[in-house]
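Structural description and commentary
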Amino acid sequence: MTHESPARYRIDESSARYRVMAHPDGSFRISATCAHGTCHFAVFPTEKHDEVDRHMQQHTARTGHAVFSRTVQDTAAVVLADRTIEDARPES
């Protein structure tokens, strides 16, 4: 089930073309969790990718656990591909 907030204006969605892009002020963040059984080792999201690798290597050296789940996060922005549609929106 999805939740959508009520719109203040209506646009014919067949005519609106959107583009998803990485936010220009955003950066990639990476986190990792150990995939070994009930191990709770985790590296919280950080922009320092080498630091995540180093923590995983140290965990493997201490425990022998060698499989991790990594997640890469970025900040995304949804923009109108056609600026004329945005210009046609009523003032809020």
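In what follows, the structure referred to is the one given above.
These lines cover the structure that appears in this document, whether it is placed above or below. None of these values were measured; they are calculated from a predicted model.

Focus: the side chain of threonine 46
By the secondary structure assignment, threonine 46 is in strand 3 (residues 42-46). When sequence neighbours within four positions are dropped, the list of residues in contact with threonine 46 reads Phe28, Arg29, Ile30 and Val52.

Looking at the sheet that holds strand 4 (residues 68-73)
Strands sit in the order 3-2-4 across an open sheet of three strands; the sheet is antiparallel. At either end of the open sheet lies a strand with only one pairing partner, and these are strand 3 and strand 4. Averaged over all neighbouring strand pairs, the angle between strand axes comes to 15 degrees, with direction disregarded. Where strand 2 (residues 29-34) meets strand 3, three bridges bridge the pair, whose relative direction is antiparallel. Paired with isoleucine 30 across the strands is threonine 46, a residue of strand 3. Each of strand 2, strand 3 and strand 4 is contacted by helix 1 (residues 49-63), which is oriented at about 10 degrees to strand 2, the strand it contacts most.

What about the pattern of salt bridges?
A side chain of one charge can pair with a side chain of the opposite charge if their charged atoms are brought near each other. Counted according to the given criterion, the structure contains one salt bridge. Note that aspartate 53 and arginine 70 form a salt bridge whose closest N and O atoms lie 3.7 Å from each other. With aspartate 53 in helix 1 and arginine 70 in strand 4, this residue pair connects regions lying 17 residues apart in the sequence.

Basis of the calculations
- Residue positions are given per chain, counting from 1 as you read along its sequence in written order.
- The predicted origin of the model limits local features to residues at a pLDDT of at least 70 and limits the giving and counting of side-chain atom pairs to 80 or more, whereas totals for whole chains, interfaces and linings rest on all residues.
- Values reported for side chains reflect all heavy atoms of the structure, with hydrogen atoms and water molecules removed beforehand.
- Numbering goes from the N terminus for both helices and strands, where a helix is a DSSP run of H or I of at least four residues and a strand is a run of E of at least two.
- In this analysis, two residues are considered to be in contact whenever any of their non-hydrogen atoms come within 4.5 Å of each other.
- By definition, two strands form a pair when at least two bridges between them are found by DSSP.
- Convention adopted: a line fitted to C-alpha atoms gives each axis, helices being fitted over their contacting stretch, and angles between N-to-C directions are expressed from 0 to 180 degrees.
- Here, a salt bridge means any side-chain nitrogen of Lys or Arg that lies within 4 Å of a carboxyl oxygen of Asp or Glu.

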